[in-house]
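Residues per chain, in single letters:
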Amino acid sequence: MANSNNNAAKPLILIVEDEVPLVTMLKYNLEQEGFRTAAAGDGEVALVMADEETPSLMLLDWMLPRMSGLEVCRQLRRGPRTRSIPIIMLTARGEEDDRVRGLNSGADDYIAKPFSIVELIARVRAVLRRTTPSHADETLQFGDISMDLAAHRVRRSERDIHLGPTEYRLLLHFMQHPGRVFSREQLLDTVWGRDVYVEPRTVDVHIRRLRKALNETEDDDLIRTVRSAGYALDAKSA
Ligand code: CA
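Procedures and definitions
Residues numbered from 1 in each chain as written. Predicted model: local features only at pLDDT ≥ 70, side-chain atom pairs only at ≥ 80, totals over all residues. Heavy atoms only, no water. Helix = DSSP H or I, 4+ residues; strand = E, 2+ residues; numbered from the N terminus. Polar contact = N/O pair within 3.5 Å; in protein donor to acceptor, adjacent residues only side chain to side chain. Contact = heavy atoms within 4.5 Å. Buried < 20%, exposed > 50% of the residue type's maximum accessible area, 1.4 Å probe, protein only. Pairing = 2+ DSSP bridges. Phe/Tyr/Trp six-rings, centres within 6.5 Å; stacked < 30°, edge-to-face > 60°.

Colleague: What exactly am I supposed to notice about the side chain of Arg 77 here?
Modeller: Along the chain, Arg 77 falls in helix H4 (residues 69-78). Separated by 3.0 Å, the side chains of Arg 77 and Asp 108 make a polar contact. The residues contacting Arg 77, other than those within four sequence positions of it, are Thr 82, Arg 83, Ser 84, Ile 85, Pro 86, Ile 87, Ser 105, Gly 106 and Asp 108.

Colleague: What am I meant to see in the pairing of strand S4 (residues 87-91) here?
Modeller: It is a general feature of regular strands that their side chains alternate between the two faces of the sheet. When you tally the buried positions in S4, you get 5 out of 5 residues, the bulk of the element. Residues of S4 alternate between two faces, with Ile 87, Met 89 and Thr 91 on one and Ile 88 and Leu 90 on the opposite face, all of them buried. By the bridge criterion, 4 bridges tie strand S3 (residues 57-61) to S4 in an arrangement that is parallel. Looking at S4, one finds that Met 58 is bridged to Ile 87. Here 4 bridges tie S4 to strand S5 (residues 109-112), and the two strands are oriented parallel to one another. From the neighbouring strand, Leu 90 faces S5, where its bridge partner is Ile 111.

Colleague: Explain the packing of aromatic side chains here, please?
Modeller: For any two aromatic rings, the description comes down to two numbers: the centre-to-centre distance and the angle of the planes. The tally for this structure, following the rule as stated, stands at 1 aromatic pair. With a centroid separation of 6.3 Å and 55 degrees between ring planes, the pair formed by Phe 174 and Phe 182 is classed as tilted. Accessibility assignment for this pair places Phe 174 and Phe 182 in one class, buried.

Limitation: the analysis is restricted to geometry and does not speak to function.
Have a look at this one:
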């Protein structure tokens, strides 16, 4: 069985492309290079997946059924949870003004089909290098909890909080999506990794540990249990 820690640490690339053989080829090669992949065949599915999974990067085809890649790109840039996802546009169009339109709509880079897979992977790495340092410098804040992502340090008020790796990733996921309710299955997928089989109850165990580390009393609990739905990081629940 794959090691869940390594797995969750791999960047997730969301491939948005309606040509199945191209998706297969991209998935295969990106996974060989150590990325995790997910795929969407049209723009609407892509928008939902981008919002739910917050991928490290998206490969976005221009010519998609129903909604163009350009429109997907614009909508991603308007979404609070998706606006900073790096995007590489893929297209058969090589004209300079299309390239400009793509970049104006918020894409980070542009690659014309047909492309060499070696070049595509180099571009993916370059865009990730360019966009990841700003993430690493980030400090996330929610209520009196702060997470210094570069120093890997968690504080609550003035108190240092020591978390195990799983609790750290759980808290990070909550801090990146404050107020949102996640089911146990969603947490397993994002925090443990999709291809790792773990009992949903395991989530409860780690939530308990996270609460124990974060909270001095029950009154200051910021993790809301939503009966039969899951968990959320939230303002004080009544
Ligand atoms: Ca296409």
